[in-house]
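# Chains, contacts and geometry: an overview
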Amino acid sequence: MMKKNMLYSLLFIWAVFSGSALMAQTVTGIVTDAKGPLPGVNVFVKGTSNGTSTDFDGAYTINNVDPNAVLVFSSIGYISKELSVDGKSEINVNLEEDAQQLSEVILVGYSSQKKSTLTGAVSVVNMSDLEKSRIPNVAQALQGQVAGVQVTSSTGAPGDDIQIRIRGEGTIGNNNPLYVVDGIPSRDINFLNQSDIKSMTVLKDAAAAAIYGSRASAGVVLITTKSGEVGKISFNVDYFTGLHFASNLPDMLNAEQYMNTVEKAWNNSDRTGENPYTADKGRADFADTDWLDELFETGKSQNLQFSASGGSEKIQFLMSLGYYGQDGIVILDNDKYQRLNYRTNINANLTDRFKIGTNLQLSHSKQDKLSSKGDAPGIIRHALLRAPVISVYKDVNDPTYTARDPFTDLPFYVHNNRDNGGWESDKYEWSSNPIALAYFTDDQRTIFKTFGNVYGEYSFLKDKELTFRTNVGVDLTFLHNKAFGENFGDDDGGGNETDKGLGRQNRPNNLNEERGENRTITFNNTLNYAKTFNDVHDINALVGTEFIENYSSSIGASRSRFAITDDTFRYLDYGGTEIDVWNSGSASEWSLFSLFASASYVYGGKYMITGNLRADASSRFSENNRWGYFPSVSAGWKLSDEDFLKDVDWLSNLKLRAGYGELGNQEIDNYAFLTLISQTDGKVVINRYGNEDLKWESSAQTNVGLDLGIFNNKVEVSAEYFVKNTTDILLPIGLPRIVGDVSPTIVNAGEVSNKGFEFSLNYRNSGNEFNYNVNANFATLKNNVEKLHPNVPNLIGNVTRTQPGQPLNAYYGYKMEGIYQNQTEINEHLSGTLNPNVKPGDIKFSDLNNDGIINSDDRDFIGSPIPEFTYGLAFSSDYKGFDFSFLFQGVAGVDRYNDAKKILDYDTRPFNYTTNILGAWDGEGSTNEIPRVAFEDNGSSKVSSIFVEDASYLRLKNIELGYTLESIAGLQNVRLYVSGQNLFTVTDYTGLDPESTDLIDMGTYPSSTSVLFGANVKF
């Protein structure tokens, strides 16, 4: 009986489904808009994945449609429609344009403008992509997202700076862009919380940025923070925790490989006597230490963000609180970073014309600072250098062992008389123990910032066409830096009489402390008129004034020889007061007053022209040149609205743009135009002669652009070509010695040019069950120094030279041709050199002037630190509650001087080596790339191309998978996600990290590979 019932049930289910299938039908139709057929419209059966798209004639065919189904028609830029089938086989639809999307408004300065009428080079960051990236610094949101914008982490250490370059480097001085947050200018956005950002807009050319005048030559980044919206109060909680790992580390020699290598280095050198390394092999006190493995650990991070927002028609509010904390990948927790943010926003519509509001942000951050760039004490650098035969800790039975300082220091230390066998630095060098350096580091950088504004806005005239806005902002920063250097290490017999017997590190112990304040007040007023006449003439005009005043001060002091070094006593009062006492204090101020105006006119939505003019008066210049004037003009032509293109159905938008403008740079030292004097023992001395004729650096920029949209703007393409010429660059000019021992005088002399192409592509497929978006960008850049001063033909750095005809800070040195294979090759190549001090296996350099001599005349430019290409690729998608996104970012055509490579595999001292040294020259024909290993110069002492490496890279910056649960347990939704950062990097660079801002890589703290787990809850 049961089997019979089951059979009836199966027959019934089959009948239902087969009946539905039999009733399913095919629906056809045409989708149009006001202009005609619409291609690329998404048509799908609601609640299913059954769908299609219209062809070039707007026609569609969709099969297997239930007669009672609902069809959904959607396309970017149009209002979606849902229509019941009701058994019909033909359904034609007319879609209406979505005015809100078509008139997307973008912040472009002190006002806003429709995206469709922009004439300058303006890029808007995709905020949905930003929300899927887990970044501690908001500046990183621009990385890989905007064509022509290069974002670089100075190091991978938590809390270290981020560098942004917009269209290259235009000056020898400050190339940082101007940030404007809620209408208030700033030179720093480290204090911002990622989840508080509503929009980010980049003004890349002078036509767009001229309204900011003297501060905009390096570009402008406009940031708007979130505000409350009308509706019931909503809450948002976002939490993630992450694990961070050191990756792409070089393979170092182990103890056995190291001893074999230094043994060979001794044999390859002009040394006499028995090889000490041969005798040392197998020593019982040798270790086999992997110093990089000892130094790096798994880092951890936590992020918690909470916000509440809501409001009525009269008052809207938003409040947010955030915490971010990261413990870096270096052992012993002295590379932490913590930031606490609080923000509140209130907007009140007092009447239908009068509006007031305020934004207030409080931020407190603390960074435990390590030497992250190879700078002293060079924790990571010493982890690379230190010989693997030395252990991390001393034996507890060692007479020099102490519980306070259990670490090894000088190699195989016995006592403090080196000449009498006190330690073995001749064989195993003077490197420091990186674990001890990390343990005793105590360097805290604390910043408290208040940033915000209060504004009022009133609209005049019948249709509120005229709006007056007044805005007062404050940017107040208090900083406190405190570094205690605890004495440790082995006694090397050095130091003055007072400090005899102390360890050689931080001898004597010392405390350096600094406190400072930086205050900027901004007061601006604008009057904006916006009106459309006869639906054809759009006019937008703005005039305004701005006054900015900055004051900064700092005090500092140091003490040494603390009798008690516990944390409780690490204050200045407990240090010695007899010698090595230092105190300082200073203050400076500057101000800027500005008048500005902007006007734009659009005719029929097709023809556009915009003009800007700003006049700035800066206290940083003398009265002779206090005022600077910065104009711009740009125009646009929307060809797609012309009659001769209206019938091109697939063409949604085609606009040509062109603009020219001039910008300034007032980011110079205060009082640079003044003569500086000092008084010593009653005698007045001139330290620097002033220059009353000092004036603005000026940047003239030309931009030509094209915007293309096809298939209802499903595909959008933008292309730009720009030329940026910066003139009157400030240069220090030394005066003849006869004038006296004075510092160089600052003059306007240099010229630098940047030019390039920028391309961006965006593809959106929405309105389906599976939606996705692809954003790609690519930019080229050519940087060139056009001119310096006649008395300064070049600017020379340790490994760089800046001179006309080359990029800024181009690498300069000898060019490696290969390795000398035999004496005959040496004699032929160095035919003009008497008894050359070169051996087979040494580096062979190019003889550029063919005189048979290798000297300074054979140096040339060997690389550039400025990328020729930057690019990014972002992808985001969602399907039935799942979402997936990733971001690739990269640079190409960029070089970096790898000093860590030089001191590892090419130094004449017995530091450790990478495993690359195992392929060093070992006889004729063995290699033409790596010279012989030796304790004598094999050519590696010269600055040469062998150390200038291609630092191009492609990096997976972020990848994230999430799932959203709707309406669960009384909550609006819950999103769970897992995210990965820097999961892999493709590069030929052999240093720790190709992404760095330093010209010389001395052992940079690398960017970590991270895995994050998080949840977002809305209720």
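All values reported here derive from a predicted model rather than from experimental measurement. (Residues numbered from 1 in each chain as written. Predicted model: local features only at pLDDT ≥ 70, side-chain atom pairs only at ≥ 80, totals over all residues. Heavy atoms only, no water.)

### Description of the pairing of strand S33 (residues 697-710)
A regular strand carries its side chains on alternate faces of the sheet. The sheet contact formed by strand S30 (residues 651-665) and S33 spans 14 bridges and is antiparallel. Bridge assignment links Leu-663 to a residue of S33, and that residue is Ser-699. Strand direction decides the pairing type here: S33 and strand S34 (residues 715-733), joined by 13 bridges, are antiparallel. Note on S34: the bridge partner recorded for Ile-710 is Val-715. (Pairing = 2+ DSSP bridges. Helix = DSSP H or I, 4+ residues; strand = E, 2+ residues; numbered from the N terminus.)

### Here we look at the nonpolar core
Soluble globular proteins tend to bury their nonpolar side chains together. If you look at the biggest cluster of nonpolar residues, it comprises 61 residues, and the most contacted ones within it are Tyr-258, Met-259, Leu-295, Val-389, Tyr-428 and Tyr-913. Of all the secondary structure elements, the ones that give two or more residues to this core are helix H5 (255-267), helix H7 (291-295), helix H8 (379-385), helix H10 (434-440), strand S42 (843-845) and helix H12 (899-905). Ranked by residue count, the leading element in this core is H5, at six residues. Excluding its chain neighbours within four sequence positions, the residues that come into contact with Met-259 are Tyr-277, Asp-280, Lys-281, Phe-286, Val-389 and Tyr-428. By size, the runner-up hydrophobic cluster in this structure holds 26 residues, among which are Val-125, Ile-162, Ile-166 and Val-202. (Core = buried A, V, L, I, M, F, W, Y, C linked by side-chain atoms within 4.5 Å. Buried < 20%, exposed > 50% of the residue type's maximum accessible area, 1.4 Å probe, protein only. Contact = heavy atoms within 4.5 Å.)

### Details of a negative patch on the surface
Taken together, Glu-256, Asp-288, Asp-290, Asp-293 and Glu-294 make up a surface patch of like negative charges. By secondary structure assignment, the location of Asp-293 is in helix H7. By relative accessible area, which is 54% here, Asp-293 ends up exposed. (Patch = residues over 30% accessible without salt bridge, like charges linked within 9 Å, V, L, I, M, F, W, Y side chains within 5 Å. Areas by Shrake-Rupley, 256 points an atom, 1.4 Å probe, with all protein chains shown as cover. Salt bridge = Lys/Arg side-chain N within 4 Å of Asp/Glu carboxyl O. Lys, Arg positive; Asp, Glu negative; His and termini not counted. Charge placed at Lys NZ, Arg CZ, Asp CG, Glu CD.)

### Here's the deal with the UniProt feature "domain: TonB-dependent receptor-like beta-barrel" (unreviewed entry) in the protein chain
In the UniProt entry, the feature "domain: TonB-dependent receptor-like beta-barrel" (unreviewed entry) is given for residues 411-983. Across residues 411-983, the secondary structure splits into 4% helix and 53% strand, with the terminal C-alpha atoms separated by 37 Å. (UniProt positions renumbered as here; feature names shortened; annotations may be inferred.)

### Let's talk about the UniProt feature "domain: TonB-dependent receptor plug" (unreviewed entry) in the protein chain
As recorded in UniProt, the sites labelled "domain: TonB-dependent receptor plug" (unreviewed entry) are residues 115-220. Span residues 115-220 is 8% helix and 26% strand, its end C-alpha atoms 17 Å apart.

### Examining unusual backbone geometry
Look at the link from Arg-507 to Pro-508: it is a cis peptide, with omega at -5°. With respect to the helices and strands, the residue Pro-508 is situated in the loop between strand S24 (466-485) and strand S25 (510-533). For Arg-167, which is not glycine, the phi torsion reads 55° and is therefore positive. Note that Arg-167 resides in the loop between strand S13 (162-166) and strand S14 (178-181). Given a relative accessible area of 3%, Arg-167 falls into the buried group.

### Let's talk about the packing of aromatic side chains
Counted according to the given criterion, the structure contains 46 aromatic pairs. Taking the centre distance of 4.3 Å and the plane angle of 15° together, the rings of Phe-440 and Phe-488 count as stacked. With Phe-440 in helix H10 and Phe-488 in the loop between S24 and S25, this pair connects stretches of sequence that are 48 residues apart. On the accessibility criterion, Phe-440 (5% relative accessible area) is buried. Of the residues examined, Phe-488 reaches a relative accessible area of 6% and is grouped as buried. Their ring planes at 20° and their centres at 5.3 Å tell us that Phe-875 and Phe-886 sit as a pair that is stacked. Placement of the pair is Phe-875 in strand S44 (residues 869-879) and Phe-886 in strand S45 (residues 882-892), with a sequence separation of eleven residues. On the basis of relative accessibility, which here comes to 16%, the residue Phe-875 falls in the buried class. (Phe/Tyr/Trp six-rings, centres within 6.5 Å; stacked < 30°, edge-to-face > 60°.)

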